[in-house]
Amino acid sequence: MPPSKQERREALKAVYHQARDCTRCPQLAATRTTVVFGSGNADADLMFVGEAPGKNEDEQGLPFVGQAGKLLDRLLAEIGLQRSDVFVANVLKCLRYNARVQLGDGSWQRIGRLVQSRYAGTVMSVDEKGRLVPRRVTGWHASPIGDRSVHRLTYRSAKNVGSRRSCIELTGDHPVLTPRGYVAVEELRADDRIATGQGLSGLARDVVCGTLLGDGSISRKSAMLTMAHSERQASYALFKANLLAELQVRFREVEVAAAAGDDRVYEAIHVRTLAHRALGTLRAEFYRPKKVVPEWIADELNPRMLAVWFMDDGHTRHRPSRQPLSEIATDGFSDADLQVLLHGLQRLGLSAKASRRRLYFDVTGTRRLSKLIAPYVPASMRYKLHPEIEARIPFDETRLEPGTPETLYDDVEVQEVTDRPRADQTFFCIDVEGTHNFVTAGGVVHNCRPPGNRDPHPEEIENCHEYLLRQVELIEPRVICTLGNFATKLLRADPTGITRLHGREEVRVIGTRAVRLYPIFHPAAALYTPSNVEVLRTDFARIPELLAMAPPPQPGEHEPVPERPPDLPEPDMAAVAVVVDDRQMGLF
């Protein structure tokens, strides 16, 4: 006869007391505050399995008590459930020594040295708005590679070092910042773009892009922006140099030949910036290998960028007894480039006609163009505006504040190098305060673990394995939601990542019981990748449907559930610190 509910509850209590007094892992037993066994209803049909307790969980003895826990509670409420209806338990990532990390002062240091010296200064990081900011290091980790994959990560415009691009090597489970959120290296797609950790202020980016649409260029060898203006436009050249102050501009007067082979010369102002990694990223966008207009200009062309482009290559014809008409020279751009520019102008409410390598604006378009860019045009260049608009809308220097630099994104280049020989078998990571990420030579990567945690050792994984299996056996859930990559890979005994599996249920044998396994994103991942909140909400909405299904047949009943293939490795189980009392387990 199967055990009764009461017998199962008493057995679960015994497992709790056994875990509470567990000293199989001496280091964990000596440093933990309490044991985070799990909490919720001991008869729940729905069970959640997370990764590992963090600092707050260890202090309070309960799983999911921070911001991720609040999100979990909110999502449960949206499907008509609360914590007391479910049971929540836990399961229990890193960079190679020579991976370079950018410090807060802009210099670079090997991550292994930062860990070994317990460096407590600042490193460059990316905040929730994409801004590059210095943040303090609060934790240091070193762990063996184990059976994890190793990947070489870089991006298309990364600085060349010797015969190849600057890169880092890191384990496949390490998350990297992309426009779609943080993605584990091993799950990056060929068309992904990653945050480079190099960037410009919004002002500098607009001026650089406007200049590249105009008569500026970026050197292929040294990533310097260069431009030249006639002596008449010396004030404008100085104006742009001031706007690009963060790039340390240099300028000088030169004599330029009027034409090849012509003895006539005229005075010109030659302006150039120092080389900058962010300029290298923009050069990769604007040159293929000849200068092109990147497709994203159609969506990101703005009045400030347009103003610089127009001041560089635009002109307004003033004709007696006729309305002024504006035009912009587009020499060197293809028909496809012109279409991108026309779409960008149209998005700003400006219609133009492409003809003879120029963009022409009609009377209405000329007025709208001047109205849009007038606040950004200084005194020396206001002759290019429509006279009525020039008199009515003044230059507004407050619209030219630089702001904080923001990271740029570039095409990812990633290669698995697990099988290549290496002398060092230990990889390193740091924790960063607030933003939980840091800039490396290969891109922006996330903390390997929350502060105070580290990778579990193999013996710790083995020691905790039986506790989770006994919980599943005694609680008898019909559905187990695995939260995030680690728990999903563990319970499926398969390396396929959460990005591919989320929202897809399957019947699996966990220990001695068959359950519906339902992988979903970890709530903590949704907190640092807001776009995942809606994905998580959509996946949660299916849980009532899964609970309404008939329980899966148990091994030996009706249609036996196949055992895990013998060639798959035993599932990993991380070391868990746990606590729960009868009330938290729903035993009363």
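As the structure is a prediction and not an experimental result, all values here were calculated from the model.

K.L.:
Give a detailed account of the overall build of the protein chain, specifying residues and quantitative values.
P.N.:
On a plain count of helices and strands, the protein chain comes out with 19 helices and 30 strands. A burial count over the protein chain gives 53% of its 588 residues as buried. Surface summary for the protein chain: the accessible area is close to 27,100 Å², and the carbon and sulfur share equals 50%.

K.L.:
Please set out the environment of Glu 295 residue by residue, giving values where relevant.
P.N.:
When you line up the elements, Glu 295 lands in the loop between α8 (277–286) and α9 (297–300). Each C-alpha atom, one on Glu 295 and one on Ala 336, is 9.4 Å from the other, the two residues being 41 residues apart in sequence.

K.L.:
Report on the sheet that holds strand β23 (residues 358–360), specifying residues and quantitative values.
P.N.:
Spatial strand order, β20-β21-β23-β22: 4 strands in an open sheet with antiparallel pairing. Two strands bound the open sheet, and with one partner strand each, they are β20 (314–317) and β22 (353–355). The mean inter-strand angle of the sheet, taken between neighbouring strand axes irrespective of direction, is 25°. Inspection of the sheet shows strand β21 (residues 325–329) paired to β23 by 3 bridges, in the antiparallel sense. Note that in β23 the partner of Glu 327 across the bridge is Tyr 360. This element, helix α10 (residues 303–313), spans β20, β21 and β23 of the sheet and lies at about 85° to β21.

K.L.:
Give a description of the pattern of salt bridges that names residues and reports values.
P.N.:
Under the defined criterion, the tally for this structure stands at 37 salt bridges. Of the charged contacts, one joins Arg 478 and Asp 45 as a salt bridge, the two residues approaching to 3.4 Å between their closest N and O atoms. According to the relative accessible area criterion, Arg 478 is partly exposed, its value standing at 22%. The class for Asp 45 is partly exposed, based on a relative accessible area of 34%. Between Glu 169 and Arg 152 there is a salt bridge, with the nearest N and O atoms lying 3.0 Å from each other. One end of the pair, Glu 169, is in strand β12 (residues 168–171); the other, Arg 152, is in strand β9 (residues 150–155), and 17 residues separate them in sequence. Of the residues examined, Glu 169 reaches a relative accessible area of 8% and is grouped as buried. It is possible to trace a salt-bridge network through shared partners that takes in Arg 156, Arg 193, Glu 285, Arg 288, Asp 410 and Asp 411.

K.L.:
Outline α8, supporting the account with residue identities and numerical values.
P.N.:
Counted residue by residue, α8 has 9 buried out of 10 residues, so it is predominantly covered. Every buried residue belonging to α8 is among Ala 278, Leu 279, Gly 280, Thr 281, Leu 282, Arg 283, Ala 284, Glu 285 and Phe 286, and all of these are buried.

K.L.:
Would you mind going over the sheet that holds strand β29 (residues 506–510) in detail, with residue names and values included?
P.N.:
Read from one edge of the open sheet, 6 strands run β1-β3-β2-β28-β30-β29, paired in mixed fashion. Each having just a single partner strand, β1 (39–40) and β29 make up the two edges of the open sheet. Along the sheet face, helix α15 (residues 484–492) touches β2 (46–50), β28 (479–483), β29 and β30 (513–520) and points at about 130° away from the line of β28.

Definitions and cut-offs
Residues numbered from 1 in each chain as written. Predicted model: local features only at pLDDT ≥ 70, side-chain atom pairs only at ≥ 80, totals over all residues. Heavy atoms only, no water. Helix = DSSP H or I, 4+ residues; strand = E, 2+ residues; numbered from the N terminus. Buried < 20%, exposed > 50% of the residue type's maximum accessible area, 1.4 Å probe, protein only. Areas by Shrake-Rupley, 256 points an atom, 1.4 Å probe, with all protein chains shown as cover. Pairing = 2+ DSSP bridges. Axes fitted to C-alpha atoms, helices over the stretch in contact; angles between N-to-C directions. Contact = heavy atoms within 4.5 Å. Salt bridge = Lys/Arg side-chain N within 4 Å of Asp/Glu carboxyl O.

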